[in-house]
Amino acid sequence: MDDAVRDYVAAIDPAHRPLFDRFQALVVEVHPDVEVVLSYRMPTFVVGTQRLYVGMWKHGLSVYGWDRGRAQAFVERHPDLITSKGTIKIGPADAELVSDEEFRGLIRGALDE
């Protein structure tokens, strides 16, 4: 993780930091070879040619760059978290309803080549 990503993470609202840490830990668990860079001013998880963008906002975590077809189980289980633009928006209360295995499936769908 480079300094720009460290600075981004350090600036995350303490109320949302556990959600970011949980998601990041699951990404690293699924893909220990992941590289984390800052892209579009947000942490971006990179595995080969695949990218998963994660932004922390007032509501919580937003996930961009995932493949709807490869994340169908997540979409079916949590349709209310998907926006019309294909963003997944997850607040702290929402995250309590998402299992680690569901997050792992989303991560695999986005980063597996």
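Just above, that's the structure.
So, here is what we can say about the structure in this document. Worth saying up front: this structure is predicted, and the values here are computed from it rather than measured.

1. Observations concerning the nonpolar core
Consideration 1: With 36 residues, the main nonpolar core has Phe-23, Phe-45, Leu-52, Leu-61, Trp-66 and Ile-88 as its most contacted residues.
Consideration 2: Those elements that place two or more of their residues in this core are α1 (3–10), α2 (17–30), β2 (42–47), β3 (50–56), β4 (61–64), α3 (72–77), β5 (88–90) and α5 (100–111).
Consideration 3: If one sorts the elements of this core by residue count, α2 sits on top with six residues.
Consideration 4: Those residues within four positions of Trp-66 in sequence are excluded, and the remaining contacts are Leu-52, Ala-71, Val-75, Ile-82, Gly-86, Thr-87, Ile-88, Leu-106 and Ala-110.

2. Quick look at the pairing of β3
Consideration 1: Most of β3 is tucked away, with five of its seven residues classed as buried.
Consideration 2: Between β3 and β4, which follow one another and run antiparallel, lie four residues, and Gly-60 among them has a positive phi close to 140°.

3. Some points on α5
One turn of an α-helix holds 3.6 residues; hence residues three or four places apart share an orientation.
Consideration 1: With 12 residues, α5 should cover 16 Å at 1.5 Å per step; its first-to-last C-alpha distance of 16 Å lies within 8% of that length.
Consideration 2: Within the span of α5, buried status applies to Glu-102, Phe-103, Arg-104, Leu-106, Ile-107, Gly-109, Ala-110 and Leu-111.
Consideration 3: Here the buried face of α5 lies against α2, β2, β3, α3 and β5.

4. As for the packing of aromatic side chains
Consideration 1: On inspection of all chains with the given rule, the structure shows four aromatic pairs.
Consideration 2: Between Phe-23 and Phe-103, the aromatic rings sit 5.4 Å apart at their centres with planes inclined by 90°, giving edge-to-face as the arrangement. Of the two residues, Phe-23 sits in helix α2 while Phe-103 sits in helix α5, which places them 80 residues apart along the sequence. Per residue, the accessibility class of Phe-23 equals that of Phe-103, and both read buried.
Consideration 3: Plain terms: the ring middles of Phe-74 and Phe-103 are 6.3 Å apart, the flat faces sit at 25° to each other, and that makes the pair stacked. Highlighted residues: Phe-74 in helix α3 and Phe-103 in helix α5, separated in sequence by 29 residues.
Consideration 4: We classify Phe-103 as buried; its relative accessible area is 0%.

So, how was this worked out
- Residues numbered from 1 in each chain as written.
- Predicted model: local features only at pLDDT ≥ 70, side-chain atom pairs only at ≥ 80, totals over all residues.
- Heavy atoms only, no water.
- Core = buried A, V, L, I, M, F, W, Y, C linked by side-chain atoms within 4.5 Å.
- Buried < 20%, exposed > 50% of the residue type's maximum accessible area, 1.4 Å probe, protein only.
- Helix = DSSP H or I, 4+ residues; strand = E, 2+ residues; numbered from the N terminus.
- Contact = heavy atoms within 4.5 Å.
- Pairing = 2+ DSSP bridges.
- Expected span 1.5 Å × (residues − 1).
- Phe/Tyr/Trp six-rings, centres within 6.5 Å; stacked < 30°, edge-to-face > 60°.

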